[in-house]
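If you want the building blocks of each chain, they are given just below.
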Amino acid sequence: MAPRLSSISAAARRLLGAPRPGARHTAAVAAARFYSKDNEGSWFRSLFVHKVDPRKDAHSTLLSKKETSNLYKIQFHNVKPECLDAYNSLTEAVLPKLHLDEDYPCSLVGNWNTWYGEQDQAVHLWRFSGGYPALMDCMNKLKNNKEYLEFRKERSQMLLSRRNQMLLEFSFWNEPQPRAGPNIYELRTYKLKPGTMIEWGNNWARAIKYRQENQEAVGGFFSQIGELYVVHHLWAYKDLQSREETRNAAWRKRGWDENVYYTVPLVRHMESRIMIPLKISPLQ
């Protein structure tokens, strides 16, 4: 019976994938090598404290313009469809006064209605010269501005929802400047994976040169308050056909494809808006 039991045991070992007695030493050596290679870096090193060099600067310091202290606010207002014309008229009557009043350290950069993208939406971009102190100064003064308070009250009856973000501008982008029109504007919004902002900035610092020949690059910003790890790129085109031709031309330039290859994996979500300037917008 012993030989039969032995043969059954051997067959069972083969069915179960168990190693043959002669292979045990080989398997043990392989396992030891695997353990040594894959676990030395985690198990062995975990016995010691791994020294990490501390960061000397925040993202805002590394990526934004150091010679200026401009702070930007972008507003997204979702308007009741039947109120969009009234909203635009009210906005055009009140906001330029703040833009022109030297007592308020804020200025309009651009005002738009979304044409393609989220419908019945207004987008406003403000600049605060002087950073956060200028922002707080402006907010405190607006609390006592009766005309502005009435404007907000009337405007609230026209809105479905609204949201905003505080932004800084990337150091390698152009400063948004008033420009003649007519133009259409594309706001491309990228929501990045946490921890990838520096890598995004490094890639775009090299790639922006491929998108400046036709003066289409208006501004590049990243969020500081509000939803974080959000990037906004603002582009200007004469029309949709010009946009198509300009974007296709970028792909014919050596190096642009590399930027896309390295930055796409950093993105969690992206969206595009085609926008038309309001009458009061400095960006026409």
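Residues numbered from 1 in each chain as written. Predicted model: local features only at pLDDT ≥ 70, side-chain atom pairs only at ≥ 80, totals over all residues. Heavy atoms only, no water.

- The chain carries the name Nipsnap homolog 1 in an unreviewed UniProt entry, which gives Catagonus wagneri as its organism.
- The UniProt entry for the chain carries this comment under Sequence similarities (unreviewed entry): "Belongs to the NipSnap family."
- Word for word, the UniProt comment on the chain under Subcellular location (unreviewed entry) is "Mitochondrion matrix". (UniProt positions renumbered as here; feature names shortened; annotations may be inferred.)

1. Quick look at empty space enclosed by the protein
- Counted under the stated rule, the structure contains two cavities of 30 Å³ or more.
- Taken together, Ile74, Trp112, Val123, Leu125, Leu167, Leu187, Phe221, His232, Leu234 and Met275 form the lining of the largest cavity.
- The set of elements that each furnish at least two residues to the lining of the largest cavity consists of strand E3 (121-129) and strand E7 (230-237).
- Roughly 50 Å³ of internal volume is contained in the second largest cavity.
- Going through the elements one at a time, strand E4 (159-169), strand E5 (184-192), E7 and strand E8 (267-277) are the ones with two or more residues in the lining of the second largest cavity.
- Classifying every residue of the lining of the second largest cavity gives two nonpolar, three polar and five charged. (1 Å grid on protein atoms, 1.4 Å probe; cavity = no way out; pocket = protein on both sides within 12 Å on 5 of 7 lines; lining within 4 Å. Points joined across faces, edges and corners; volume = space filled by probe spheres on them. Helix = DSSP H or I, 4+ residues; strand = E, 2+ residues; numbered from the N terminus. Nonpolar A, V, L, I, M, F, W, Y, C, P; charged D, E, K, R; others polar.)

2. Some points on helix H4 (residues 84-100)
- Between its terminal C-alpha atoms H4 stretches 24 Å, which fits the 24 Å expected from 17 residues at 1.5 Å a residue.
- In the structure, H4 departs most strongly from a straight axis at glutamate 92, where the bend amounts to approximately 30° and where the proline proline 96 lies between one and four residues downstream. (Expected span 1.5 Å × (residues − 1). Bend = angle between axes of the 7 residues up to and from the residue.)

3. Notes on the pattern of salt bridges
- Taken as a whole and judged by the stated rule, the model has nine salt bridges.
- For lysine 141, the salt bridge identified is with aspartate 103, shortest N-O distance 3.2 Å. Of this pair, lysine 141 sits in helix H5 (residues 131-142) while aspartate 103 is found in the loop between H4 and strand E2 (106-116), placing the two residues 38 residues apart along the sequence.
- Given the relative accessible area of 24%, lysine 141 is considered partly exposed. (Salt bridge = Lys/Arg side-chain N within 4 Å of Asp/Glu carboxyl O. Buried < 20%, exposed > 50% of the residue type's maximum accessible area, 1.4 Å probe, protein only.)

4. Thoughts on a nonpolar patch on the surface
- There is a patch of nonpolar side chains on the surface, built from Trp115, Tyr116, Leu240 and Ile276 and spanning about 360 Å² of accessible area.
- Within the secondary structure, leucine 240 is located in helix H8 (residues 240-251).
- Accessibility expressed as a relative area gives 36% for leucine 240, which makes it partly exposed. (Patch = residues over 30% accessible without salt bridge, like charges linked within 9 Å, V, L, I, M, F, W, Y side chains within 5 Å. Areas by Shrake-Rupley, 256 points an atom, 1.4 Å probe, with all protein chains shown as cover.)

5. Here we look at the packing of helix H7 (residues 197-207) against helix H9 (residues 256-263)
- Where H7 meets H9, the closest approach of the two axes is 10 Å, and the angle between their N-to-C directions is 170°. Here H7 is positioned roughly antiparallel relative to H9, judged by the angle of their axes. Facing H7, whose interface residues are Glu199, Trp200, Asn203, Trp204 and Ala207, H9 presents Trp256, Asn259, Tyr262 and Thr263.
- Grouping the constituent residues of the contact of H7 with H9 by class yields five nonpolar, three polar and one charged. (Axes fitted to C-alpha atoms, helices over the stretch in contact; angles between N-to-C directions. Parallel < 35°, antiparallel > 145°, perpendicular 65-115°, else oblique. Contact = heavy atoms within 4.5 Å.)

6. Considering the layout of surface pockets
- Empty space within the largest pocket amounts to approximately 510 Å³.
- What lines the largest pocket is a set of 26 residues, and nearest its centre among them are Lys73, Gln75, Leu142, Tyr148 and Arg152.
- Considering each element in turn, the lining of the largest pocket owes the most residues, five residues, to helix H6 (residues 146-156).
- Looking at the lining of the largest pocket residue by residue, the classes come out as 15 nonpolar, five polar and six charged.
- Of the pockets and cavities examined, the second largest pocket occupies roughly 280 Å³.

7. A word on the sheet that holds E2
- Pairing in this closed barrel of eight strands is antiparallel, and the strands run E1-E3-E2-E8-E5-E7-E6-E4 around the ring. Averaged over all neighbouring strand pairs, the angle between strand axes comes to 35°, with direction disregarded.
- Where strand E1 (residues 70-79) meets E4, eight bridges bridge the pair, whose relative direction is antiparallel. Each bridged residue has a counterpart across the sheet, and for asparagine 78 the counterpart in E4 is serine 161. (Pairing = 2+ DSSP bridges.)

8. Thoughts on the packing of aromatic side chains
- This structure, assessed with the given rule, holds 14 aromatic pairs.
- Between the aromatic rings of tyrosine 261 and tyrosine 262, the centroid separation amounts to 5.1 Å while the plane-to-plane angle is 85°, which identifies the pairing as edge-to-face.
- Feature note: the residues Trp173, Tyr190, Trp200, Trp204, Trp235, Trp251 and Trp256 constitute an aromatic cluster, connected by ring pairs.
- Sitting over the ring of phenylalanine 76, arginine 163 keeps its end group 4.3 Å from the ring centre.
- The lysine or arginine in question, arginine 211, covers the ring of tryptophan 235, its NZ or CZ lying 4.0 Å from the ring centre. (Phe/Tyr/Trp six-rings, centres within 6.5 Å; stacked < 30°, edge-to-face > 60°. Lys NZ or Arg CZ within 6 Å of the ring centre and 35° of its normal.)

9. Remarks on the environment of alanine 122
- Relative to the helices and strands, alanine 122 resides in strand E3.
- Sequence separation between alanine 122 and isoleucine 276 is 154 residues, and the spatial gap between their C-alpha atoms is 9.7 Å.
- Excluding residues that lie within four positions of it along the chain, alanine 122 makes contacts with Gln75, Phe76, His77, Tyr87, Trp112 and Asn113.

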